[in-house]
Amino acid sequence: MSDSLERLYQAVIAARDLDPATSRTARLFQRGPSKMAKKLAEEAIEVVIDAVNGKTDAVVRESADLLYNLIVLWASAGVKPEDVWREMGRREDMLGIAEKLPKSAVKMPKVLASKALPAKPPSAKALPKTLPKELSKATASPAVRRRIVALEGRSSHKRH
């Protein structure tokens, strides 16, 4: 799988300088990180809605769109797939491949807590300034999670 994502990454890098009139990838690069982030979020929501509604084929299709938009955002941010694989390897070494690294030391086993996390969380000033304000607020807000759950019964209409 990582080979497929690496090939996608290389294709995205190659397409970023094409004519935006004929290349969706070039158009995303022209519009910038905010548009890329919006497209990524839209695809993630579509995957969630389809999964909740039990539409397996749609989850597969939307997941491919999600991965494409994630790779475009990585390329824009200067993140390479091997950077992500390295982080995944680090996490696997700490907690196993099937576990997500916790946000706080409270949830982490004591042995790992002192090695994995800084003594205190970063301040709001340390957060990247390039993240759109609406995304910064949305990711911190429990209301966003409630809104996603509220979408369960809604059908999704693809707008591309």
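Parameters at a glance
Residues numbered from 1 in each chain as written. Predicted model: local features only at pLDDT ≥ 70, side-chain atom pairs only at ≥ 80, totals over all residues. Heavy atoms only, no water. Helix = DSSP H or I, 4+ residues; strand = E, 2+ residues; numbered from the N terminus. Contact = heavy atoms within 4.5 Å. Areas by Shrake-Rupley, 256 points an atom, 1.4 Å probe, with all protein chains shown as cover. Expected span 1.5 Å × (residues − 1). Buried < 20%, exposed > 50% of the residue type's maximum accessible area, 1.4 Å probe, protein only. Phe/Tyr/Trp six-rings, centres within 6.5 Å; stacked < 30°, edge-to-face > 60°.

Asks: Can you help me understand the overall build of the protein in this one?
Replies: Broken down by element type, the protein carries eight helices and zero strands. Reading the helices (α) and strands (β) of the protein from amino to carboxyl end gives α-α-α-α-α-α-α-α. Long-range contacts, defined as pairs at least 24 residues apart, comprise 52% of the intrachain contacts of the protein with a sequence gap of at least 6. Total accessible area on the protein stands at roughly 11400 Å², and carbon and sulfur atoms take up 59% of it.

Asks: Is there a simple way to explain helix α3 (residues 33-52) in this structure?
Replies: Think of an α-helix as 3.6 residues a turn; residues three or four steps apart then line up on the same face. Taking 1.5 Å per residue as the helical rise, α3 with its 20 residues ought to reach 28 Å, and the 28 Å between its terminal C-alpha atoms agrees with that figure. Just past α3, the residue Gly54 takes up positive phi, approximately 70 degrees.

Asks: What exactly am I supposed to notice about the environment of Ala51 here?
Replies: As for its position among the elements, Ala51 is in helix α3. Since its relative accessible area comes to 47%, Ala51 is described here as partly exposed. Remark: the alpha-carbon pair of Ala51 and Glu62, spanning eleven residues in sequence, is separated by 10.0 Å.

Asks: How do you make sense of the packing of aromatic side chains when you look at a structure like this?
Replies: To describe a pair of aromatic rings, one takes the distance between the centres and the angle between the planes. According to the stated counting rule, one finds one aromatic pair in the structure shown. With a centroid separation of 6.1 Å and an interplanar angle of 80 degrees, the aromatic rings of Trp74 and Trp85 are classed as edge-to-face. Of the two residues, Trp74 is situated in helix α4 (residues 56-77) and Trp85 in helix α5 (residues 81-95); the sequence distance between them amounts to eleven residues. You can call Trp74 buried: its relative accessible area is 12%. Look at Trp85 and you get partly exposed, because its relative accessible area is 28%.

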